[in-house]
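Tertiary structure, described
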Amino acid sequence: MADPKGRFGIHGGQYIPETLMNAVNELEKAYDFYKNDEEFNNELTDLLNNYAGRPSLLYYAERMTKDLGGAKIYLKREDLNHTGAHKVNNVLGQALLAKKMGKTRLIAETGAGQHGVATATAAALFNMECVIFMGEKDTQRQALNVYRMKLLGAEVVPVKSGTATLKDAVSECMREWVSRIDDTHYCLGSVMGPHPFPTIVRDFQAVISRESREQILKAEGRLPDAVVACVGGGSNAIGSFYHYIPDKDVRLIGCEAAGRGIDTFETAATVNTGKLGIFHGMKSYFCQDEYGQIAPVYSISAGLDYPGVGPEHAHLYDIGRAEYVPVTDDEAVEAFEYLSRMEGIIPAIESAHAVAYAMKLAPTMSKDRIIVLTISGRGDKDCAAIARYRGVDINE
Amino acid sequence: MSKIREAFKNGKAFIPFITCGDPDLETTGKVVRAAAENGADIIELGIPFSDPTAEGPVIQAASLRALQGGVTTDKIFDFVVELRKDVSIPLVFMTYANVVFSYGTERFMKKCKEVGIDGIILPDVPFEEKEEFDSVARNYGVDMISLIAPTSADRIAMIAKEASGFIYIVSSLGVTGVRSEITTDISEIVKVIRANTDVPCAVGFGISTPEQAAKMASVSDGAIVGSAIVKLIGEHGKNAADYVGSFVNSMKTAVIK
């Protein structure tokens, strides 16, 4: 009997078809080698700094802080990365790893399109073939990103099965990977799926907290009191939390998409409304019915519209190290508009969920307290949808 | 010896797969009986899952039809009780890990024993995660069927050594569904299996014609057919039993040649 691998407490594991087992074992072996390889790390750092524009700024949001009248708010500006979101951190790492493994083709799922755009970008840079699977509903919600991916040379496959959103795009990627393993790397976009993906993606996203920890120590001479980030699968959140996990006095707060509210069926707040289950390669919390059928979740944000959460988040929740709070569509849209007007920064609607919670949290804290708030992406892609939400048709 | 292994004693086995509740359980009952009467040696009963990641479009669509028709795990257990009044061949559930896990693995396996289910196939539970389910299944005399894929390579021996019931050899890369050609060298895989266990092995994925079934059974102990049967049910709905019956008859005739 072999030991189950890649556990975070009771969560994680490798619940995938036998056909994929040697592929994930090969990936694990390659990653274990390259993560400590100096040349690999130098190449990756060079790409992050000179191609993606890292380190990203830690910006003191002075007007927002004064307006809310409580804790000092610093924004970790992942929206300033090349391609406009944190996704590029993980994608450059995985694409480089895939290249080293001799793979010539990248496939990926995407919800809002940010991970698809980042993957298509890396594929262009590394001269690799690229196919992106995107729920058909999301291709309509995020038409601009579909165009960007095609412009970058990727093929975009609209997924019509199930709810035609992010979870179905993940399922279709798994079906595609099982059909073509030899030359193809599945560039998974979040801290989810079978081991070793949750660990690989977390390690590549941990650059966010590695930088923000140094930056806040330099700016304030101390650690923040709270770190706030939005959670779908949870990659920007785990990246934002990771280097603070041993610092027990730093509150770690993940903001889930509550959609129309956690007391309705139109929600995607997994930790708040889901239960323990096994899906998409991992044991974790999932929105599901009493017979284990995965629930059709809903959020205004295509990037948070996922019925599960990464296994490390499930574990951080179990042990009480991180908190997970629900944020509704309405609150996120208000925060989207608020940050745009207050700081001249248009956040992604995903990130706006974190902004919304920070707006509630900051006034309850005294002025000598500090919040680090991750702006995981920029909101240009969302303008048409938010305009529609407000009843304005801008004919995009 | 388990009932499943005994089913292989009369020569090459033919194993059809049927999605429970597609389009309704009454039809499934007729189809299962038609398959049994026409020579099926074991029947795989699919408990539909909302997001069947190992299935191609045909079984995905059947799962959706069944769930939309209101079928649930409990209704399927009740249905098996009815079936067992006159169907005696081994019955094996095929479903996904979450269906069993959310029901409660202990409660699920106990119920399997009570209603007369002989085995279970979970395509998203590989060797490394098997113990969580198998340790419970064993206690209730339910065989957990292991899968071996064209990519299994050095894993075949390890999997074969712990196999029970029968071994499900996945013929090709990819998801379930009809294929015009199967290129994997099945006899090489079978050779390694034979060196490690005497548990019988049957080949599935992509088999739709008597010729393919005969070829796959000639190098193993049997053939498994899913999508081709589910497609017939999709086409003929409530009247599918006769069509499935004659299809099973032609396939069984082909495998025992």
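Residues numbered from 1 in each chain as written. Chains lettered and ligands numbered in written order. Predicted model: local features only at pLDDT ≥ 70, side-chain atom pairs only at ≥ 80, totals over all residues. Heavy atoms only, no water.

Brief notes about the overall build of chain A
Summing up its helical and strand segments, chain A has 16 helices and 14 strands in all. By the compact-globule yardstick of 21 Å for 396 residues, chain A fits well, its C-alpha radius of gyration being 19 Å. Each principal axis of the C-alpha distribution contributes one length, and for chain A these read about 55 × 45 × 45 Å. Here chain A holds 396 residues, and 65% of them are scored as buried. The contacts of chain A with a sequence gap of at least 6 include a subset with a gap of at least 24, amounting to 73%. Taken as a whole, chain A presents about 13,900 Å² of accessible surface, with 50% of it coming from carbon and sulfur. (Helix = DSSP H or I, 4+ residues; strand = E, 2+ residues; numbered from the N terminus. Rg over C-alpha atoms; globule rule 2.2 N^0.38 Å. Buried < 20%, exposed > 50% of the residue type's maximum accessible area, 1.4 Å probe, protein only. Contact = heavy atoms within 4.5 Å. Areas by Shrake-Rupley, 256 points an atom, 1.4 Å probe, with all protein chains shown as cover.)

Digging into the sheet that holds strand S6 (residues 129-135) of chain A
Residues and elements named next belong to chain A. Taken together, four strands build an open sheet; the order of strands is S7-S6-S5-S8 and the sheet is parallel. What marks the edges here is a single partner per strand, and that holds for strand S7 (155-159) and strand S8 (184-186). Pairwise comparison of adjacent strand axes, ignoring direction, gives a mean angle of 20° for this sheet. Inspection of the sheet shows strand S5 (residues 105-110) paired to S8 by three bridges, in the parallel sense. Its bridge partner lying in S8, isoleucine 107 is registered against tyrosine 186. Packed on one face of the sheet, helix H5 (residues 114-125) meets S5 and S6 and runs near 165° to S5. Most of the contacts of helix H8 (residues 166-179) go to S5, to which it runs at about 155°, and overall it touches S5, S6, S7 and S8. (Pairing = 2+ DSSP bridges. Axes fitted to C-alpha atoms, helices over the stretch in contact; angles between N-to-C directions.)

Digging into the packing of helix H10 (residues 210-218) of chain B against helix H12 (residues 240-256) of chain B
Residues and elements named next belong to chain B. Direction vectors running N to C along H10 and H12 enclose 35°, while the axes themselves pass 8 Å from each other. In this structure, H10 crosses over H12, and the sense of that crossing is right-handed. Contacts from Pro210, Ala213, Ala214 and Ala217 in H10 reach Ser250, Met251, Ala254 and Val255 in H12. Looking at the contact of H10 with H12 residue by residue, the class counts come to seven nonpolar, one polar and no charged. (Left-handed = near helix turned anticlockwise from the far one by under 90°. Nonpolar A, V, L, I, M, F, W, Y, C, P; charged D, E, K, R; others polar.)

Quick word on the pairing of S5(A)
Residue and element names in this part refer to chain A. Burial analysis of S5 places six of its six residues in the buried class, the great majority of the element. Sheet topology places S5 next to S6; six bridges connect them, and they run parallel. Within S6, the position partnered with glutamate 109 by the bridge is phenylalanine 133. Considered for its hand, the β-α-β crossover made up of S5, H5 and S6 is right-handed. (Right-handed = clockwise from strand over helix to strand, strands pointing away.)

Concerning the packing of aromatic side chains
In this structure the tally under the stated criterion is 19 aromatic pairs over all chains. Relative to Phe40(A), the ring of Tyr34(A) lies with its centre 5.6 Å away and its plane at 40°, an arrangement referred to as tilted. The burial state of Tyr34(A) is the same as that of Phe40(A); both residues are buried. Taking the centre distance of 5.7 Å and the plane angle of 45° together, the rings of Phe8(B) and Phe166(B) count as tilted. Of the two residues, Phe8(B) sits in the loop between helix H1 (3-6) and strand S1 (13-19) while Phe166(B) sits in the loop between helix H8 (156-161) and strand S7 (167-170), which places them 158 residues apart along the sequence. On the accessibility criterion, Phe166(B) (0% relative accessible area) is buried. Ring-pair connections join several aromatic residues into one group, and the members of that group are Phe279(A), Phe286(A), Phe49(B) and Tyr96(B). The lysine or arginine in question, Lys72(A), covers the ring of Tyr60(A), its NZ or CZ lying 4.9 Å from the ring centre. In this arrangement the basic side chain of Arg107(B) is found over the ring face of Tyr103(B), its NZ or CZ atom lying 3.9 Å from the centre. (Phe/Tyr/Trp six-rings, centres within 6.5 Å; stacked < 30°, edge-to-face > 60°. Lys NZ or Arg CZ within 6 Å of the ring centre and 35° of its normal.)

Topic: the pairing of strand S2 (residues 43-46) of chain B
Residue and element names in this part refer to chain B. Side chains of S2 alternate between two faces, with Ile43 and Leu45 and Glu44 and Gly46 buried alike. Sheet topology places S1 next to S2; three bridges connect them, and they run parallel. The residue of S2 that forms the bridge with phenylalanine 17 is glutamate 44. For the crossover that starts at S1, traverses helix H2 (residues 25-37) and ends in the parallel S2, the hand is right-handed. In terms of strand pairing, S2 meets strand S3 (residues 91-94) through four bridges, oriented parallel.

A word on the sheet that holds strand S10 (residues 251-259) of chain A
Residue and element names in this part refer to chain A. Taken in spatial order, the six strands line up as S3-S4-S14-S9-S10-S13 in an open sheet, and their pairing is mixed. Single-partner strands in this sheet number two, and they are strand S3 (58-60) and strand S13 (322-328). Neighbour to neighbour, the strand axes of the sheet diverge by 30° on average, direction disregarded. Where S3 meets strand S4 (residues 72-77), three bridges bridge the pair, whose relative direction is antiparallel. Each bridged residue has a counterpart across the sheet, and for tyrosine 59 the counterpart in S4 is leucine 75. Along the sheet, helix H10 (residues 207-220) contacts S3, S4 and strand S14 (370-375); its crossing angle with S4, the most-contacted strand, is approximately 140°.

Looking at the interface of chain A and chain B
How big an interface is tends to be reported as the loss of accessible area on association of its parts. Taken together, the contact between chain A and chain B spans 37 residues of the former and 42 residues of the latter. When chain A packs against chain B, the two sides together hide about 3,200 Å² of surface, and 52% of this comes from carbon and sulfur. Summed over the three residues of chain A that lose the most area to chain B, namely Glu18(A), Arg175(A) and Tyr291(A), the buried surface amounts to 24% of that side. The interface formed by chain A and chain B holds four salt bridges in total. The salt bridge involving Glu132(B) is made with Lys283(A); its shortest N-O contact spans 2.6 Å. Within the residue set of the side of chain A that touches chain B, elements represented by two or more residues are strand S2 (11-15), helix H1 (18-34), H8 and strand S11 (275-279) of chain A. Of the residues that constitute the side of chain A that touches chain B, the class distribution is 15 nonpolar, 13 polar and nine charged. (Buried area = accessible area lost by both parts, 1.4 Å probe. Salt bridge = Lys/Arg side-chain N within 4 Å of Asp/Glu carboxyl O.)

What to know about the environment of Tyr357(A)
All names here are of chain A. Counting through the fold element by element, tyrosine 357 comes out in helix H15 (residues 349-361). Classification of tyrosine 357 as buried rests on a relative accessible area of 14%. A sequence separation of 278 residues divides tyrosine 357 from aspartate 79, and the C-alpha atoms of the two residues are 18 Å apart.

So, the side chain of Asn98(B)
In this fold, Asn98(B) is placed in helix H5 (residues 97-103). The exposure class of Asn98(B) is buried, given its relative accessible area of 0%. A polar contact of 2.8 Å, which involves the side chain of Asn98(B), links it to the backbone oxygen of Gly292(A). Leave out the neighbours within four places in its chain, and Asn98(B) touches Gly277(A), Ile278(A), Gln288(A), Gly292(A), Ile294(A) and Phe49(B). (Polar contact = N/O pair within 3.5 Å; in protein donor to acceptor, adjacent residues only side chain to side chain.)

Some thoughts on the nonpolar core
One finds Leu45(B), Phe93(B) and Phe108(B) to be the most contacted residues of the largest nonpolar core, which totals 143 residues. It is H1(A) that provides the largest number of residues to this core, a total of eight residues. Counting 42 residues, the second-largest nonpolar core is a separate cluster that includes Leu68(A), Leu75(A), Ala354(A) and Ile375(A). (Core = buried A, V, L, I, M, F, W, Y, C linked by side-chain atoms within 4.5 Å.)

Focus: helix H3 (residues 57-68) of chain B
Look at H3(B): 16 Å from first C-alpha to last across twelve residues, which is about the 16 Å you get at 1.5 Å a residue. Within the sequence span of H3(B), burial applies to Ile59(B), Gln60(B), Ala62(B), Ser63(B) and Ala66(B). Along H3(B), the residues classed as buried sweep out an arc of 165° about the axis, all on the same side. Of the residues in H3(B), the exposed ones pointing more than 90 degrees away from the buried face are Pro57(B) and Gln68(B). Close packing links the buried residues of H3(B) with H8 of chain A together with S1 and helix H11 (227-236) of chain B. Gly70(B) lies just past H3(B) and shows a positive phi near 95°. (Expected span 1.5 Å × (residues − 1). Arc of directions from axis to C-beta.)

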